[in-house]
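Given next are the chains, with one letter for each unit.
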Amino acid sequence: MSFTTDESRWPDVWLAATARGISSCGDFLAAATLTLALQSAGAGGLAVSGLLLAATLPLVVLAPLTGRLADRVDSRMLLVAAGLAQAAVCLALAYARDPVLVIALVALLATGLAVTQPAIAALVPVMVRPEDLPRAGALNQTAGTLGALAGPALAGLLVGQFGTRVPLLVDAFSYLALVAAGLLIRTRRGGRRTPAAVAAAVAPAWRLRRDPLLTVMVGSVAAVIGAVGAVNVIEVFFIRETLGSSTTVYGLVTGSWTLGIVLGAWLFARVARRLADDGALLGAGLVLLGGCCLAVLVSAAVPSAWLLVPIWLAGGVTNGGNNVFDQLLLARRVPEASRGRAFAVFGAAAQGAAMGGYLVGGLLLEVAGPRVLIAGCGVAGLLVVVALLGPVRRAVRAERAAARTATPAAVSVAAKSV
């Protein structure tokens, strides 16, 4: 593991967080704008799921390539090039009308995201000391979720007032924040002359499957997302049609979950600093995933969209806490030279599971109502969490047994060297 040995570079952390927040707002602004455009035009669940699949597929398919890019190419070059490319694609998207072209441009936009996500995620741990990582991670996640909170709400307002072109033009400018961050952030990683590259040349290649604890963590997150991911397709029909709400209410209500993520990130960042045991982090993360699924199940019973706000706020809090724990586990257990690939693999697993949920959601909307499907997602998620209790316990026991056997060996080596 490699963190900065000097004082934490908080100006760089703030720059990275600001760039992530603004670009995240752009990502969600584009997604919500296009989703609302499809729903208003009378498109069904399959059309919405197709759009979401186009926005997700590059994150999954390109993960092996983009993870290596994040580790081997200068982070400044990646952020500047990807930010300019995303701005240009979004500008074209604002004037595109052909559905096939729109889907192709959405996929290109997601390709840029597949590059910037692991680059920023791997850069943050290099900026701070180990004890400051939970706070830095919470700040970075807060910025991202505030952007995700603002994006749908802004889309609801702008689409209602101006149609789809204006919000997409706003989105194009948002990606210039990545360019500014790439030029201003002093901390850099990647490139042939960096310590990470030297370490990668002499150290064994990192593999996820060699770490049972991380393997179970990634698998748990992917399994739960796969079980409840259909909600992302169903929610627009549930809120707009079943509950009879406007586009503005849709934007505000969906933003309540992301607001909860912000609150949860800061609340559980303090808890994470006290959990030195990685097994405890894994177990606590599974409990929080259960909280997310419970919130989805309870939300199916509401008679009004406004009652979703406190329920989804609570679900977002547990979601934010789990995100902090996952990021801390990855940063602690993955060598610095491989963190870009590790974050890309983790993101690909989560996004791949979400893709399955998008497809299932689009298909199920053809045969069942949104309220029943929301309830079904919640039940499925809780059943998955219960099924994961065994694998998590076994992974934690194996981790602690390995730590107990390693400690006497280390003491013996130290004694011989005296």
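Position labels on residues start from 1 in each chain and follow its written sequence. Only residues with pLDDT of at least 70 get local features here, since the model is predicted, and only at 80 or more are side-chain atom pairs given and counted; chain-wide, interface and lining totals rely on the full set of residues. Excluding hydrogens and water, the side-chain values take into account all heavy atoms of the structure.

1. Some thoughts on the overall build of the protein chain
And step 1. The helix and strand tally for the protein chain stands at 16 helices and 0 strands.
And step 2. The buried share of the protein chain, reckoned over its 418 residues, is 53%.
And step 3. Nonlocal contacts in the protein chain, meaning residues at least 24 apart in sequence, comprise 89% of its contacts between residues at least 6 apart.
And step 4. Roughly 17,900 Å² of accessible area belongs to the protein chain as shown, and the carbon and sulfur atoms make up 69% of that amount. Helical segments are the DSSP runs of H or I of at least four residues, strand segments are the runs of E of at least two, and each set is numbered from the N terminus. Only protein chains enter the area calculation, which uses a 1.4 Å probe; residues under 20% of their type maximum are buried, those over 50% are exposed, and those in between are partly exposed. In what follows, a contact means two residues having at least one pair of non-hydrogen atoms within 4.5 Å. Calculation of accessible area relied on Shrake-Rupley with a 1.4 Å probe; when residues are assessed, cover is drawn exclusively from the protein chains displayed.

2. Re the packing of helix H10 (residues 212-228) against helix H13 (residues 278-299)
And step 1. Only the stretch in contact is used when fitting a helix axis, every axis being a line fitted to C-alpha atoms; angles between N-to-C directions are given from 0 to 180 degrees. Where H10 contacts H13, the two axes come as close as 11 Å, and the packing angle between them is 0°. Between H10 and H13, the crossing angle belongs to the class labelled roughly parallel. Every residue of H13 that contacts H10 at Leu213, Val216, Met217, Ser220, Val221, Val224 and Val228 is listed here: Asp278, Gly279, Leu282, Leu289 and Cys293.
And step 2. In terms of residue class, the contact of H10 with H13 is made up of 9 nonpolar, 2 polar and 1 charged. Here roughly perpendicular refers to angles of 65 to 115 degrees, roughly parallel to angles under 35, roughly antiparallel to angles over 145, and oblique to all remaining angles. Amino acids outside the nonpolar list (Ala, Val, Leu, Ile, Met, Phe, Trp, Tyr, Cys, Pro) and the charged list (Asp, Glu, Lys, Arg) are all regarded as polar, and Gly is one of them.

3. Details of a nonpolar patch on the surface
And step 1. Patch construction takes residues with relative accessible area above 30% that form no salt bridge. Like charges are linked within 9 Å, and nonpolar side chains (Val, Leu, Ile, Met, Phe, Trp, Tyr) are linked within 5 Å. One side-chain nitrogen of Lys or Arg within 4 Å of one carboxyl oxygen of Asp or Glu is enough to make a salt bridge. A cluster of nonpolar side chains, namely Leu154, Phe162, Val166 and Val170, defines an oily patch on the protein surface of about 310 Å² accessible area.
And step 2. Contributing elements (two or more residues each) for the nonpolar patch: helix H6 (133-162) and helix H7 (165-174).

4. Section: helix H4 (residues 75-95)
And step 1. Helix length check: H4, at 21 residues, gives a terminal C-alpha distance of 31 Å against a target of 30 Å (1.5 Å per residue), a fit within 8%.
And step 2. All buried positions along H4 are accounted for by Ser75, Leu78, Leu79, Val80, Ala82, Gly83, Gln86, Ala87, Val89, Cys90, Leu93 and Ala94. Multiply 1.5 Å by the residue count of a helix minus one, and that product is the helix's expected span.

5. Some thoughts on a positive patch on the surface
And step 1. On the surface, a cluster of positive charge is made up of Arg135, Arg270, Arg273 and Arg274.
And step 2. Note that arginine 274 resides in helix H12 (residues 247-274).
And step 3. Among the residues examined, arginine 274 registers a relative accessible area of 67% and is labelled exposed. Asp and Glu count as negative and Lys and Arg as positive, but His and the ends of the chain are not part of the count. Charge positions are represented by NZ for Lys, CZ for Arg, CG for Asp and CD for Glu.

6. Regarding the state of the cysteines
And step 1. Throughout, disulfides are identified as pairs of cysteine sulfur atoms within 2.5 Å of each other. Scanning all chains against the criterion turns up 0 disulfides.
And step 2. Residue cysteine 292 stays outside any disulfide, its sulfur separated by 6.5 Å from that of cysteine 293, the closest cysteine.

7. Some remarks on the nonpolar core
And step 1. Joining through side-chain atoms within 4.5 Å is the link that ties buried Ala, Val, Leu, Ile, Met, Phe, Trp, Tyr and Cys residues into a set, and such a set is a nonpolar core. Ranked by internal contacts, the top residues of the largest apolar core, which has 72 residues, are Met217, Leu282 and Leu330.
And step 2. Contacts of leucine 330, omitting those with residues within four sequence positions, involve Leu214, Met217, Ala342, Phe343 and Phe346.
And step 3. The next biggest cluster of nonpolar side chains, apart from the first, holds 31 residues, and it includes Val231, Val253, Ala305 and Leu308.

8. What about the pattern of salt bridges?
A side chain of one charge can pair with a side chain of the opposite charge when the charged atoms of the two come close.
And step 1. All chains considered together, the criterion is met by 6 salt bridges.
And step 2. Residue aspartate 132 is joined to arginine 129 by a salt bridge in which the shortest nitrogen-to-oxygen separation is 3.2 Å.
And step 3. Via salt bridges that share partners, Asp211, Asp278, Arg332 and Arg333 belong to a single interconnected network.

9. Let's talk about the environment of valine 360
And step 1. With respect to the element layout, valine 360 can be found in helix H15 (residues 339-364).
And step 2. Residue classification places valine 360 among the partly exposed positions, given a relative accessible area of 42%.
And step 3. Put simply, valine 360 and alanine 227 are 133 residues apart on the chain and 9.7 Å apart in space, counted from C-alpha to C-alpha.

10. So, the side chain of arginine 341
And step 1. Inspection of the secondary structure assignment puts arginine 341 in helix H15.
And step 2. Buried and unpaired, arginine 341 has aspartate 71 as its nearest opposite-charge partner, separated by 4.8 Å.
And step 3. In this view, arginine 341 contacts Gly67, Arg68, Asp71, Trp206 and Arg207; residues no more than four positions away in its chain are not counted.

11. Examining the confidence of the model for the protein chain
And step 1. Each residue carries a pLDDT score, the predictor's confidence in it, ranging from 0 to 100. Looking at the protein chain, the pLDDT average stands at 81 and 89% of residues meet or exceed 70.
And step 2. Mean pLDDT in the protein chain bottoms out at helix H9 (residues 195-202), which sits at 46, and peaks at H13, which reaches 91.
And step 3. In this model residues 196-203 is a low-confidence stretch, pLDDT under 50, and it forms 6 contacts with partners more than four residues away in sequence or in other chains.
And step 4. Counting contacts from residues 408-418, a segment whose pLDDT is below 50, to residues more than four positions away or on other chains yields 0 contacts.

12. Description of the environment of glycine 251
And step 1. Within the secondary structure layout, glycine 251 lies in helix H12.
And step 2. Residue classification places glycine 251 among the buried positions, given a relative accessible area of 0%.
And step 3. Counting along the chain gives 101 residues from glycine 251 to alanine 150, while the straight-line C-alpha distance between them is 8.6 Å.
And step 4. Those residues in contact with glycine 251, other than ones at most four positions away along the chain, are Pro152 and Ala153.

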